[in-house]
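Here's the letter readout for the chains.
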Amino acid sequence: MSHYSATNIKISKLSIFSGYQVLFEVKGHSYQMLVGGGGFNFPMNIIHYFKEDGKCPVCDKYTLTYPMGQQPCSGLLRDKMMLFDLFQRKFQSK
Ligand SMILES: [Zn+2]
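Residues numbered from 1 in each chain as written. Predicted model: local features only at pLDDT ≥ 70, side-chain atom pairs only at ≥ 80, totals over all residues.

(A) Representation of the pairing of strand β3 (residues 29–36) in the model. By the bridge criterion, eight bridges tie strand β2 (residues 19–26) to β3 in an arrangement that is antiparallel. Bridged to Val22 within β3 is Met33. Hairpin remark: β2 followed by β3, antiparallel, with two residues in the connecting loop; positive phi at Lys27, about 50°. Inspection of the sheet shows β3 paired to strand β4 (residues 42–48) by five bridges, in the antiparallel sense. Residue pairing across strands places Gln32 opposite Ile47, the latter belonging to β4. In this antiparallel pair of consecutive strands, β3 and β4, the connection spans five residues, and Gly37 shows a positive phi of 95°. (Pairing = 2+ DSSP bridges. Helix = DSSP H or I, 4+ residues; strand = E, 2+ residues; numbered from the N terminus.)

(B) Summary view of the sheet that holds β3. Read from one edge to the other, the open sheet built from four strands follows the order β1-β2-β3-β4, with strand pairing classed as antiparallel. At either end of the open sheet lies a strand with only one pairing partner, and these are β1 (7–14) and β4. Strand-to-strand twist across the sheet, computed as the mean angle between neighbouring axes with direction ignored, equals 20°. Against the sheet, helix α2 (residues 80–92) makes contact with β1, β2, β3 and β4, and its axis sits at roughly 75° relative to β1, the strand it touches most. (Axes fitted to C-alpha atoms, helices over the stretch in contact; angles between N-to-C directions. Contact = placed C-beta atoms within 7 Å.)

Structure follows, in structure tokens:
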């Protein structure tokens with residue numbers, strides 16, 4: 001995760017399954033990670049959560065506004081465990 005950083009991290013509990021969603025931003029674009037387990041246990045998918053159409057600065061893919069463009073971000077998925085560690089620390093510090 002040397003070439004970007006995740007900012008504006010917001011963690012909320014989901015009612016649709018046992019887990020959490022983490023909304024965060026990278027270079028002004030929004031993304032969502034789903035985390036499974038009632039204790040913030042394991043990372044699941046990371047998708048684009050864009051408010052406007054545009055190119056993803058991480059994976060370079062042209063992405064439509066959420067929910068149309070809610071495909072996984074291959075670039076962020078490569079750093080999934082690093083991002084999860086960061087979010088987990090934030091979750092535990094609440
Ligand atoms: Zn992407």
